[in-house]
Amino acid sequence: MDTFLYFLYAALYAILLIWGLYGIRKQDLARWTSVIYIVILPLIYDNLLLPTGKWIGEGGLLESLNFSRFCLHALLTPLLVMYSIGTLRESGIEWAKKKWLVILGILYTVGLIVLEFSIEVMGLELEVVKEYGAISYSNVEEATGPPIMVLLVTLILIVASAILWKKTKWPVFFIGAVVMTIGSAIPINIDSGAVTNAFELILISTLIWTKRRLITKQLHV
């Protein structure tokens, strides 16, 4: 079942990427919210690599491919901070266009990248993991909860989406952030390693949907 779900997620992410880019203009592509297109790429990579690990087989190649997953996650996930601030700027909220917020957003993003690499990636020891028909390499130390970086990114997502909802009456972004938070916080007793990834897919769907609303000028103060 997990093999099917991973391939399904990869296909759905690809569809979201195509939909998000459909008809986009150069000026829209250059905006902060366009980082969502970059964030989707490692998610497609993840969901293609996990089910194909059993065909690649244990060894250095699969370990290197999985190590790159951690690096891409540490490098690109913090970009969601820029996306969050971008939704406020592009929807016409004047104070969100202030130079101080731009500088703060960039520093916060860079800080999260450095934090994640120093805590999670540096000195990372991988071991082979076999579960539900998938073979991958994961951290030797079992995670006891979401990484600090993810929590700090989620905080910005919720705050920004709540402001956007209040100012524009668009709740979709906020719903996606809350669903992702709940899905990460509540343990689900299911014999699957892929089912919980659906919460991440829901979040990204709401972010792409919000980006489409910004592109088509349907989301404005």
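Residues numbered from 1 in each chain as written. Predicted model: local features only at pLDDT ≥ 70, side-chain atom pairs only at ≥ 80, totals over all residues. Heavy atoms only, no water.

> Would you explain the packing of helix 5 (residues 79–90) against helix 7 (residues 148–168) in this entry?
Axis angle and axis distance: for two packed helices, these are the angle between their axes and the distance between the axes, and together they describe the pair. It is the contact of helix 5 with helix 7, at a shortest axis distance of 9 Å, that shows an interaxial angle of 10°. Taken as axis vectors, helix 5 and helix 7 run roughly parallel relative to one another. Between helix 5, through Leu80, Val81, Ser84, Thr87 and Leu88, and helix 7, the contact on the second element is made entirely by Val153, Ile156, Leu157, Ala160, Ile163 and Leu164. Partitioning the contact of helix 5 with helix 7 into residue classes produces nine nonpolar, two polar and no charged. (Axes fitted to C-alpha atoms, helices over the stretch in contact; angles between N-to-C directions. Helix = DSSP H or I, 4+ residues; strand = E, 2+ residues; numbered from the N terminus. Parallel < 35°, antiparallel > 145°, perpendicular 65-115°, else oblique. Contact = heavy atoms within 4.5 Å. Nonpolar A, V, L, I, M, F, W, Y, C, P; charged D, E, K, R; others polar.)

> So what exactly am I meant to see when it comes to the pattern of salt bridges here?
Side chains that carry opposite charge are capable of pairing whenever their charged atoms lie near each other. In the structure shown here, the tally under the stated rule is four salt bridges. Where Arg25 meets Asp28, a salt bridge forms, and the shortest distance between an N and an O atom there is 2.9 Å. Given the relative accessible area of 35%, Arg25 is considered partly exposed. Given a relative accessible area of 2%, Asp28 falls into the buried group. Here Glu94 and Lys97 are joined by a salt bridge, their closest N and O atoms 3.7 Å apart. One network of salt bridges, in which partners are shared, links Arg25, Asp28 and Arg31. (Salt bridge = Lys/Arg side-chain N within 4 Å of Asp/Glu carboxyl O. Buried < 20%, exposed > 50% of the residue type's maximum accessible area, 1.4 Å probe, protein only.)

By themselves, these observations are geometric and do not establish any function.
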